[in-house]
Amino acid sequence: MSLEISKRGKNMPASPIRKLTPLADDAKRRGVKVYHLNIGQPDIETPLAMRQRLAAVPNVLAYSPSAGTHEFVAALIGYYESLGLEVTADQVIATTGGSEAILFALLACADEGGEVVLPEPFYTNYSSFAAIAGLTLAPVTTRGDDGFHLPARALFEKALSSRTRAVILCNPNNPTGTVYRPDEVQMVAEVCRDRGLFLIVDEVYRELVYDGRKPASALSLRGFDENVVVVDSLSKRYSACGIRLGALVSRNRALIDAALRMAQGRLSPPGLAQIAGAGMTDLGPEYAAGVTREYEGRRNLLYDALCAIPDVFVRKPEGAFYFVARLPVEDGEAFARFLLEEYALDGATVMVAPAEGFYATPGLGRNEVRIAYVLNQQDLRAAVRVLAGGLAAYRAKESERLGGPSRRLVS
Ligand SMILES: Cc1ncc(COP(=O)(O)O)c(C=O)c1O
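Rules used in this analysis
- Residues numbered from 1 in each chain as written.
- Predicted model: local features only at pLDDT ≥ 70, side-chain atom pairs only at ≥ 80, totals over all residues.
- Heavy atoms only, no water.
- Helix = DSSP H or I, 4+ residues; strand = E, 2+ residues; numbered from the N terminus.
- Buried < 20%, exposed > 50% of the residue type's maximum accessible area, 1.4 Å probe, protein only.
- Contact = heavy atoms within 4.5 Å.
- Expected span 1.5 Å × (residues − 1).
- Salt bridge = Lys/Arg side-chain N within 4 Å of Asp/Glu carboxyl O.
- Pairing = 2+ DSSP bridges.
- Axes fitted to C-alpha atoms, helices over the stretch in contact; angles between N-to-C directions.

## A word on the side chain of T292
Considering the arrangement of structural elements, one finds T292 in helix α11 (residues 285–307). We classify T292 as buried; its relative accessible area is 10%. Leave out the neighbours within four places in its chain, and T292 touches E207, L208, V209 and Y210.

## Overview of helix α13 (residues 377–401)
In a regular helix each residue adds 1.5 Å, so 25 residues correspond to 36 Å; α13 covers 36 Å between its end C-alpha atoms and thus fits that length. In this structure, the buried side of α13 is in contact with β1 (33–36), α11, α12 (332–341), β10 (348–351) and β12 (368–372). Positive phi appears at G403, one or two residues downstream of α13, with a value of about 110°.

## Regarding the pattern of salt bridges
Within the structure shown, the criterion is met by 31 salt bridges. Across the salt bridge formed by E115 and R163, the nearest N and O atoms sit 2.8 Å from each other. Of the two residues, E115 is situated in strand β3 (residues 115–120) and R163 in the loop between α7 (153–157) and β5 (164–170); the sequence distance between them amounts to 48 residues. For R163, a relative accessible area of 38% puts it in the partly exposed group. Linking R181 and E184 is a salt bridge whose minimum nitrogen-to-oxygen distance equals 3.7 Å. Accessibility expressed as a relative area gives 40% for R181, which makes it partly exposed. With relative accessibility at 3%, the residue E184 sits in the buried group.

## A few points about the pairing of strand β8 (residues 246–250)
Extensive coverage of β8 is indicated by the burial of 5 of its 5 residues. Burial along β8 is two-sided: G246, L248 and S250 facing one way and A247 and V249 facing the other are all buried. Here strand β2 (residues 92–95) runs beside β8; their pairing, made up of 4 bridges, is antiparallel. If you follow I93 over to β8, its bridge partner there is L248. Two strands pair when backbone bridges link them, and strand β7 (residues 228–233) and β8 are joined in this way by 5 bridges, in the antiparallel orientation. Residue pairing for β8: V229 is matched across the bridge by S250.

## Re the sheet that holds β7
Strands sit in the order β2-β8-β7-β6-β5-β3-β4 across an open sheet of 7 strands; the sheet is mixed. Two strands lie at the open edges of the sheet, namely β2 and β4 (136–141), each paired on one side alone. The sheet shows a mean angle of 25° between the axes of neighbouring strands, taken without regard to direction. For strand β6 (residues 198–202) and β7, the ladder comprises 4 bridges, and the chain directions are parallel. Directly across from L199, in β7, lies its bridge partner V228.

Okay, here's the thing in structure tokens:
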């Protein structure tokens with residue numbers, strides 16, 4: 001007799017970022033080099049100041065306090081201070097990556113059956129965490145032509161219903177690279193305050209803002225302490241994705257109390273990670289500035305290269321390390337599969353993430369892909385060359401299939 005898996009388990013969405021991984025593995029087995037533009041795994045070295053801390057591993061790898069060690073939380077508070085943000089230890093819970101902070105935030109803000117409003121396209125794992133928490137996501141559609149910025153308040157509010165409990169903003173945004181202007185964040189905060197909603201702001205890319213922008217945080221908003229819940233992470237800032245360390249930060253006492261009880265249930269955040277993470281105190285502001293400069297250079301390179309590919313539409317992202325590119329294809333996933341299964345240029349191909357899974361509204365994003373610029377500039381250059389060649393080959397093949405070269409696939 002086969003046992004019944006829960007509806008929650010069956011309905012859990014697969015990650016569009018990872019679901020084509022078996023095809024990439026097959027390509028690698030065939031000897032093809034795969035440039036990974038599909039996933040936000042940076043190639044930058046984790047700071048030595050953090051790695052060195054691991055030389056002093058204690059004899060007993062003990063549990064830590066559920067909200068994090070004194071050293072790590074103090075280091076985090078020092079980091080916030082360096083940004084001019086006043087945060088106290090009782091406003092912070094160290095988590096297993098920003099991922100756990102998202103889950104705790106959702107579980108603490110809303111009961112099963114509740115709704116969370118967020119701009120789409122959005123970081124796909126919000127869908128997974130919402131599914132775990134029994135919540136539905138209500139999207140506010142944003143468009144590439146507007147740089148994926150938010151609509152005016154009246155339109156934004158149309159997504160709210162009596163079941164809405166929270167709004168999620170990811171700023172800077174994954175997957176679009178949009179950095180919301182202060183007036184946009186203020187507008188959403190006011191909506192949340194006026195309608196009695198939590199505002200969960202995912203700031204795991206906080207420092208990665210370009211063209212002279214300064215890192216900003218919703219923790220600096222005045223008058224919204226009860227609403228604002230910030231998700232933070234060391235993964236991207238310190239190129240330390242494998243460390244699995246992040247934080248939930250809020251001045252709302254009841255929310256922190258609820259999240260702390262959840263944190264107690266899972267005992268503690270990773271101990272070794274906190275030892276390494278406390279090394280952030282040894283990094284001056286030049287560390288973040290250097291990393292940001294590097295990503296800005298990659299963005300510029302990729303933007304120019306993508307603009308040079310016929311019929312590809314991109315807006316220059318303002319932050320994070322992603323583009324959402326509109327391609328002259330009907331189905332971004334079919335194109336991504338083609339790249340991995342059928343195409344190689346000089347023994348190499350690229351993996352991109354089909355963007356449809358980043359939207360909640362059916363049908364949107366079908367002709368888009370998300371591209372991450374987490375490779376060094378030489379690899380990025382090579383990857384775009386392959387992408388351009390792959391796109392031309394795919395269009396030729398599709399045109400053939402649809403009855404000759406005169407048929408255009410998508411205008
Ligand atoms: C927007 C956003 N939030 C949260 C996370 C979670 O990161 P982690 O759990 O590694 O901190 C990611 C990872 O890609 C992300 O892009």
